[in-house]
Amino acid sequence: MKDLLGLMGKAKEMQAKFQSMQEEIAQLEASGQAGGGMVTVTLSGKFEMKALKIDPSLLKEDEVEILEDLILAAHNDAKVKVEQVMQEKTRELTAGLPIPPGMKLPF
């Protein structure tokens, strides 16, 4: 019975830490670039686009497709950066827990 109470206490503690981590990640911002910095996208930890910067030299009618591709590439770069931070924070939070390999949090 002692083990069960201890386990429940650890679960509540883990839940509080996980919620704190989620709030911290939501405040995070990461910027991704494409075209050597000609396009920059900034995303929040919730993957909401916060900013978009485009070099004025890309604003030409015959280069619309290039600009679209650069925006997508910058967005994807920022997304990867946010995901990396999320994985690192999750790894820090779950260090020492007996979680099976490949299991992703949150469930």
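Our subject is the structure that appears above.
All values derive from a computational prediction rather than experimental measurement.

Considering the pattern of salt bridges
Next up, step 1: The tally for this structure, following the rule as stated, stands at four salt bridges.
Next up, step 2: For Asp-77, the salt bridge goes to Lys-81, with nearest N and O atoms at 3.6 Å. Residue Asp-77 and its partner Lys-81 are both found in helix H2 (residues 64–94); the two are separated by four residues, about one turn of the helix.
Next up, step 3: A residue is classified by how much of its surface remains accessible, and Asp-77, at 27% relative accessible area, is partly exposed.
Next up, step 4: The salt bridge involving Glu-83 is made with Lys-79; its shortest N-O contact spans 3.6 Å.

As for the sheet that holds strand S2 (residues 39–44)
Next up, step 1: Spatial strand order, S1-S2-S3: three strands in an open sheet with antiparallel pairing. Two strands close off the open sheet at either side, each with one partner strand: strand S1 (29–34) and strand S3 (49–54). This sheet shows a mean twist of 15° between the axes of neighbouring strands, independent of strand direction.
Next up, step 2: Pairing between S2 and S3: five bridges, direction antiparallel. Note that in S3 the partner of Leu-43 across the bridge is Met-49.
Next up, step 3: Sheet contacts for H2: S1, S2 and S3; angle to S1, the most-contacted strand, approximately 145°.

What counts, and at which threshold
- Residues numbered from 1 in each chain as written.
- Predicted model: local features only at pLDDT ≥ 70, side-chain atom pairs only at ≥ 80, totals over all residues.
- Heavy atoms only, no water.
- Salt bridge = Lys/Arg side-chain N within 4 Å of Asp/Glu carboxyl O.
- Helix = DSSP H or I, 4+ residues; strand = E, 2+ residues; numbered from the N terminus.
- Buried < 20%, exposed > 50% of the residue type's maximum accessible area, 1.4 Å probe, protein only.
- Pairing = 2+ DSSP bridges.
- Axes fitted to C-alpha atoms, helices over the stretch in contact; angles between N-to-C directions.
- Contact = heavy atoms within 4.5 Å.

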